[in-house]
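Below, each chain spelled out in residue letters.
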Amino acid sequence: MNPRRGTVLFLFFSLGLTAVLMPAPASAGPEDGAFGQALDARSGALVVSADAAYSAVPLTVECRVKLLRSEQYNILVANETKASATHWESFTTPGDGVLHAYVPGRTPDHVHTSAPLVDGQWHWVTMVMEETRIRLFVDGVEKANEAAVVSRQDSVAGPFAIGSLAEGGFGCNGFVDEVRLSAGTRPVDTVPDAELAADDSTLGLWHLATDAPGKDASSRGRDGKVQNRQIVITASGAEIPGGMPAELQPLPPAEDAAPLRTALQAVTVRLGLKTVHADTIHEDVLREWNHDFEWLGKKEHPDSRPGGPSAEKLRREVYDAVALPTDADGGPLGTVLRQTRAMVDRLRQSGGSAPLESVETDLQVLCDATIASAPVPDSDDYRALYLAACALRREAALSNPLLDFDSLIFVARGTFEGSVRSNPQTQDSQGGHFVTQYFGFNALPGGGLFALHNFKKMPEVVNILADSVVQNGRLQGRKLDHGAFATPDLSYDGKTIVFAWTENSEHKWIQSKRTCFHLFRVNVDGSNLVQLTDGDFNDFDPCWLPNGRIAFVSERRNGYIRCFAAYLKVRSYTLFSMRDDGSDIMPLSYFETSEWNPSVNNEGQLVYTRWDYVDRENCLGTRFWISNPDGTNPRAPHGNYPLPYHTFPDHQPWSVHDGREWDSRFGAPLVEMGIRSVPNSPLYMFTAAPHHGSIYGSLCMLDLRQEDDHHMSQVKRVTPDEPFPETEVPGRRHYKYGTPWPLSEDFYLCNVWENLALVDRYGNKELLWSLRAMPGSMDERFRLIDPIPLRARAMPIAIPSTVRPRSDEGRNATVSVMNVYDSDLPFPEKTKIKWLRVVQNISKTNHAMGEP
């Protein structure tokens, strides 16, 4: 399904929403089908394990369905996830209930009909897929016959689902009582008057009308399971797609690190490496090195990834060419040795230390031994030498003089979008969208605000709020030992943390004090925990300003975005500021869509991300913005107007002209999140993130001194191993890097998947702390993010404010508009009514801020 179609369909709808979360009943009651009882897809879907035969063409897909409601997408059948080029699905669109097919590996990727199916009646629906054509039938009548040629071949194995997407999320409001998959093309011009039968062409047959609805009646025996799910229901009875459970999903069993440690110990002794101490290396560090070995050893050439960046494009756009593995490396060992040498040389330039000299000596010993023994890349000896190279790299990295602090702070945060390890797909309504990810009710309960001490030698994690009690407000006297945490920031003197927290006792799509994020302030030792904001709107992304105020992002403007479906009102959020005690809240922006992640640059200005959604396609213009800290002079100095595809000479996907793809967004970051100024530098660092996904992706460096070509002239790839979400790899999945904190132009803190790490421009990466090492039982859907050095930092100049206090501004605006409304000036009555509504909106906003 194309999400843009849903956007267009519901652009002007704005219905109220009252939601409750309820577990789907084990059985919603039998429904008479043609030949017995049918599967109630409202309660759950039938899921069958992956089978490559379901992706081969020619293929005939038959199903009998009865659809009840059209407020949401209804998925009839779907093979594999949307990330796969051989994914296919049949579905009806919201509002009109019309039948369509989606085939992302083909051009075009949609086959449309004008046949409505949502009428409470039973219909036979058939899809016939051939090499170059797809046909759709309803009750034996052809409704679509379109050429659709293969344009992608990056197949990703995944299950087959009846009544749902294979990855979950969108479901089906109705019943299904027959499904048959057949190799080849069958005659489909008549409606069967008996149960479908299996023959030699049948790949799968599920009658769904017996006591065992998952039983495959074909000779292949691919039985499925009915997976019940939780459902969020609106007041009108419409379902909000979702279903990720709130119950703890523990981490999968860990790899045994003992053999890795033994191999490292043996090679250390054999070569006499003095700076490698295998006994003190954390087992999760060893596992991470081994994981990277497997990844580097795949030798997947960039040119083999359809839609991804070519090797030539990566060389042209990488921040430092050393970060790219080369054929001359000969494998993971050679890559690590070369990249470690580059890092050591850079550290030498910035003033090396005694440990660095010892590392250099051992590096030379290791290089000599590698040359002398010439180990086979798949041998145990080769892997042991690789582990030794990683250990030397780690010793050098942690001797970096920029790590002049012993502790850092971070949060453990998750959403209902799934685990980065076991569930690579996300769903928008569960937080897997760049707006909904910051709604409190989408925050997975648990996690916390933590300090990591002595991270260079013997790391120790401390829960900063373990003994803290809220000193004021609605939660006075209570501990924040439940709920969910997000978006910390540390004051310039390194003494006070401000962060977001939500009670989130229920996963409901409704804004209330108990389901929204609010801002809190606490000393770094956990004392003086103070609540700063409250209300039925989300406040998050706090940012200390040089003048002592706190900028933050809030829904207090009372706006809504123009995406999602009619029954789902999705709030927008914009920049505000307040005093550090939570008083004097005032807007910094009245923008019509959403803004994210404010930070202060080296000149004392605010930099942030803005979704500029005016007069353009919905995924354009989510880039870097800058303003004064009082919100004045907002502007987009970079990338806000990418060139549309029709300005390029060839509109075919993935064709390249002068180094740019068919649309200048493609092959460039779609969304720029977490923008931070690099210390003592004109550069900025950010995460190339998705529109349909959370704040993670690939790390990039931005140089505004270069002329903007609306594509990549100002952007360089710091982590070329991770392509750009949605413009180079599919959306609605998890991505590797995020929440960067640059220490310099060369070295950065960030999260890598679910863990905290130190990375550099040369491709080196060192684990600092892992989710698996956290105390207590951690859910696999959490990430450790937002690492901030626990120390004082230089404060930029405080730019004087030119804005009046918010209360005066709002009152004066109200008076001015009312004077026009009450005057005898010859304005049309319709215009006066519009102005009166402006007054009402201003009053509503002021009331939300506690102002007259």
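Residues numbered from 1 in each chain as written. Predicted model: local features only at pLDDT ≥ 70, side-chain atom pairs only at ≥ 80, totals over all residues. Heavy atoms only, no water.

K.L.:
Tell me about the packing of helix H2 (residues 258–271) against helix H3 (residues 283–296), and name the residues and values.
P.N.:
Contact geometry of H2 with H3 gives a least axis separation of 9 Å together with a crossing angle of 85°. The angle between H2 and H3 falls in the class roughly perpendicular. Here Leu260, Arg261 and Leu264 of H2 come into contact with H3, specifically with Glu283, Leu286, Arg287, Trp289 and Asn290. (Axes fitted to C-alpha atoms, helices over the stretch in contact; angles between N-to-C directions. Helix = DSSP H or I, 4+ residues; strand = E, 2+ residues; numbered from the N terminus. Parallel < 35°, antiparallel > 145°, perpendicular 65-115°, else oblique. Contact = heavy atoms within 4.5 Å.)

K.L.:
Could you give an account of the state of the cysteines, with specific residues and numbers?
P.N.:
Enumeration according to the criterion identifies zero disulfides in this entry. Sulfur of Cys172: no disulfide; nearest cysteine sulfur belongs to Cys63 and is 9.0 Å away. (Disulfide = S-S within 2.5 Å.)

K.L.:
Just give me the short version of the sheet that holds strand E21 (residues 448–453), but keep the residues and values in it.
P.N.:
Across the sheet, four strands lie side by side as E22-E21-E20-E42; this open sheet has antiparallel pairing. Pairing within the sheet leaves two strands with one partner each, and these edge strands are strand E22 (460–463) and strand E42 (782–789). When the angles between neighbouring strand axes are averaged without regard to direction, this sheet yields 30°. Here six bridges tie strand E20 (residues 407–414) to E42, and the two strands are oriented antiparallel to one another. Paired with Leu408 across the two strands is Pro789, which belongs to E42. (Pairing = 2+ DSSP bridges.)

K.L.:
Could you give an account of the nonpolar core, naming the residues involved and the relevant values?
P.N.:
If you look at the biggest cluster of nonpolar residues, it comprises 133 residues, and the most contacted ones within it are Leu264, Trp289, Phe410, Leu480 and Phe499. Counting 36 residues, the second largest nonpolar core, distinct from the first, contains Val65, Ala144, Phe160 and Trp206. (Core = buried A, V, L, I, M, F, W, Y, C linked by side-chain atoms within 4.5 Å. Buried < 20%, exposed > 50% of the residue type's maximum accessible area, 1.4 Å probe, protein only.)

K.L.:
Lay out the side chain of Asn751 with the relevant residues and their values.
P.N.:
Topologically, Asn751 is positioned in strand E39 (residues 747–752). For Asn751, the side chain forms a polar contact with the side chain of Thr739, separated by 2.7 Å. Not counting residues up to four positions away in its chain, the partners in contact with Asn751 are Tyr696, Lys736, Tyr737, Gly738, Thr739, Leu756, Arg783, Leu784 and Ile785. (Polar contact = N/O pair within 3.5 Å; in protein donor to acceptor, adjacent residues only side chain to side chain.)

K.L.:
Could you give an account of the packing of aromatic side chains, with specific residues and numbers?
P.N.:
Enumeration according to the criterion identifies 23 aromatic pairs in this entry. Here the aromatic rings of Tyr73 and Phe91 are separated by 6.1 Å at their centres, their planes lie at 65°, and the arrangement is edge-to-face. Here Tyr73, found in the loop between strand E4 (59–67) and strand E5 (74–79), pairs with Phe91, found in strand E6 (residues 88–92); they are 18 residues apart in sequence, far enough to count as distant. Across the pair, exposure class does not vary: Tyr73 and Phe91 are buried alike. (Phe/Tyr/Trp six-rings, centres within 6.5 Å; stacked < 30°, edge-to-face > 60°.)

K.L.:
Would you mind going over the environment of Asn400 in detail, with residue names and values included?
P.N.:
Along the chain, Asn400 turns up in the loop between helix H7 (380–397) and E20. Judged by its relative accessible area of 5%, Asn400 is buried. The spacing of Asn400 and Ser350 is 50 residues in sequence and 9.0 Å in space, taken between C-alpha atoms. Every residue in contact with Asn400, bar those within four places of it in the chain, is listed here: Leu347 and Phe747. Of the polar contacts made by the side chain of Asn400, one reaches the backbone nitrogen of Leu402; its length is 2.9 Å.

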